[in-house]
Amino acid sequence: ETTDDFEPSGRGLLARRSIPQGARLFEVPEKLILTKETSLKTFGRGILPEDINEFHAIALLLIRERAQGGESFFKPYLDILPSGEELNPLFRWKREDLDLLQGSPTLVACESLSKKLRDEFQILQESLFAQHPQVFPNAIFDFNAWEWAFAILFSRSILLQANGRIALVPYADLLNHNPFCSTFIDLQEGSWFKEPTVVLYTDRPYQQTQQVYVTYGQKANWELLLLYGFVLDRNPYDSVDLTISLDAADPLYERKRKFLVDCGRRSSETFPLYFDRYPMEMVEFLRFCCASEEEMSSDFGDFVSDRNENAVASAIVGACSDALSRYPQSLDEDSKLISDRSLYAMLSQNQHWAIKHRRSEKRILSKTIANVEKEKTSPTFLFQRKRAP
């Protein structure tokens, strides 16, 4: 068991000796990995359609192999996979723990993912399972197994860049995530085996007993919590989604809405806010949303007018303030709770993650408000890239 920022981070990989930068840490033969192709071969191409979704194919394979027990070729790998409470992405949390995320857009994302999993399972029940009841018995292929398989896939699957395939790679998934790491795993011709192998190269030197990391990608805390079940205190990619909408009271609302529809856009758009920045795409969208009759033909990728720029600033501050008001607790209340070591220690691990995550979202929203208010007094004046003379 390993820890990160004084929080448990599950199983990890520790160096038994010093490892130089660029070392090939391990190789896993292609025949040992679980892919869509493995599933097609196992079930038979007359059972699974060739165009089956990759995640669905591997999920069904996982369920089948787990039910095989000691007869499964993959038993040594299946034996180390987590089950029950060990497997704890957000969409498997209990209601009382989810309630701690009231007001957070992460909770909406969780509910959406849970619904998607149930809908997809029902479709399979009514089609594939109904066509082959002997292959997919209800006692084995139930929703609990389906949810378990997807929790494994979301948290442990690897996109092999060499062929664009999703795969479960035994033992490679023991490595924990570090956002400052660039270690990569990919498929290539092996040196120890004749067949292709999945290889991992280290991006830095490691001393004996140090934990060896890999990166899961540039993921925000809401993604890590939703799919893996943890958050990071130091995450340079952390963000919170902010939804911006056309003002229905705007006299130009219908004209603007029609223009957006014609451009393939919606009247409401969601953008990620980071602790130290926000996307210019959001500013450009708001410049259009806030445009007057005289400004409708403007280039919204650049400065439009003082009035428009101030309206954009007010819209961002208002949207962030509205987002903050949806949380039952304030940022100060969360910070005080985390600082109270005796009280905080009484909470469960899920409660730790939830409180840390909602505090992080509030920090980003509050920082965005502060940044915009500060920019209103800056000589460069708000969001312009190039101020017209």
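Residues numbered from 1 in each chain as written. Predicted model: local features only at pLDDT ≥ 70, side-chain atom pairs only at ≥ 80, totals over all residues. Heavy atoms only, no water.

This paragraph deals with the overall build of the protein. A tally of helices and strands in the protein yields 13 helices and twelve strands. Along the first, second and third principal axes, the C-alpha atoms of the protein reach 70 × 50 × 45 Å. Classification of the 389 residues of the protein by burial places 47% in the buried group. Taking contacts inside the protein between residues at least 6 apart in sequence as the whole, the part at least 24 apart equals 68%. On the protein, roughly 20,000 Å² of surface is accessible, and the fraction owed to carbon and sulfur atoms is 51%. Side-chain charges of the protein comprise 46 positive and 56 negative groups, with the mean position of each set lying 3 Å from the other. (Helix = DSSP H or I, 4+ residues; strand = E, 2+ residues; numbered from the N terminus. Buried < 20%, exposed > 50% of the residue type's maximum accessible area, 1.4 Å probe, protein only. Contact = heavy atoms within 4.5 Å. Areas by Shrake-Rupley, 256 points an atom, 1.4 Å probe, with all protein chains shown as cover. Lys, Arg positive; Asp, Glu negative; His and termini not counted. Charge placed at Lys NZ, Arg CZ, Asp CG, Glu CD.)

This part covers unusual backbone geometry. Excluding glycine, residues mostly carry a negative phi; peptide bonds, for their part, are mostly trans. One non-glycine residue, Tyr171, lies in the positive phi region at around 75 degrees. Its place among the elements puts Tyr171 in the loop between β6 (165-167) and β7 (176-177). Its identity as a non-glycine residue notwithstanding, Thr209 has a phi of 75 degrees, on the positive side. Owing to a relative accessible area of 58%, Thr209 belongs among the exposed residues under this scheme.

How two helices pack is summed up by the angle between their axes together with the distance between the axes. Their axes nearest at 9 Å, the elements helix α9 (residues 280-289) and helix α10 (residues 306-325) cross at an angle of 115 degrees. In terms of crossing hand, the pair formed by α9 and α10 is right-handed. Across the interface between the two elements, Met282, Val283, Leu286 and Arg287 of α9 pack against Asn308, Glu309, Val312, Ala315 and Ile316 of α10. Class assignment for the residues of the contact of α9 with α10 results in six nonpolar, one polar and two charged. (Axes fitted to C-alpha atoms, helices over the stretch in contact; angles between N-to-C directions. Left-handed = near helix turned anticlockwise from the far one by under 90°. Nonpolar A, V, L, I, M, F, W, Y, C, P; charged D, E, K, R; others polar.)

Our next topic: the pattern of salt bridges. Scanning the model with the defined rule gives 24 salt bridges in all. Of the charged contacts in the structure, one is a salt bridge between Asp276 and Arg277, with a shortest N-O distance of 2.8 Å. Accessibility expressed as a relative area gives 38% for Arg277, which makes it partly exposed. The partner of Arg358 in a salt bridge is Asp334, with the nearest N and O atoms 2.8 Å apart. With Arg358 in helix α13 (residues 349-375) and Asp334 in helix α11 (residues 331-339), the pair connects residues that are 24 residues apart, well separated along the chain. An identical accessibility class is assigned to Arg358 and Asp334; each is buried. A network of salt bridges, in which partner residues are shared, links Glu37, Arg45 and Glu50. (Salt bridge = Lys/Arg side-chain N within 4 Å of Asp/Glu carboxyl O.)

Moving on, we come to α9. One full turn of an α-helix is made of 3.6 residues, so residues set three or four places apart face in the same direction. Of all ten residues that make up α9, seven are buried, and the element is covered over most of its length. Tucked into the core, α9 has its buried residues touching β11 (239-245), α8 (253-262), β12 (268-274) and α10.

Turning to the packing of helix α5 (residues 105-131) against helix α6 (residues 143-156), a few remarks are in order. One way to put it is that α5 packs onto α6 with a least axis distance of 11 Å and a crossing angle of 125 degrees. When the interaxial angle is binned, α5 and α6 end up oblique. α5 and α6 meet at a crossing whose hand is right-handed. Contacts from Leu113, Leu117, Arg118, Glu120, Phe121 and Leu124 of α5 reach α6 at Phe143, Trp146, Phe150 and Phe154. The residue makeup of the contact of α5 with α6, split by class, is eight nonpolar, no polar and two charged. (Parallel < 35°, antiparallel > 145°, perpendicular 65-115°, else oblique.)

The next thing to look at is the sheet that holds strand β4 (residues 24-29). Reading across from one edge, β4-β9-β8 is the order of the three strands in this open sheet, with antiparallel pairing throughout. Two strands lie at the open edges of the sheet, namely β4 and β8 (184-189), each paired on one side alone. Across this sheet, the average inter-strand angle for adjacent strands is 30 degrees, counted without regard to direction. Taken together, the six bridges between β8 and strand β9 (residues 196-201) define a ladder with antiparallel strand orientation. Bridge pairing in β9 places Glu189 opposite Pro196. (Pairing = 2+ DSSP bridges.)

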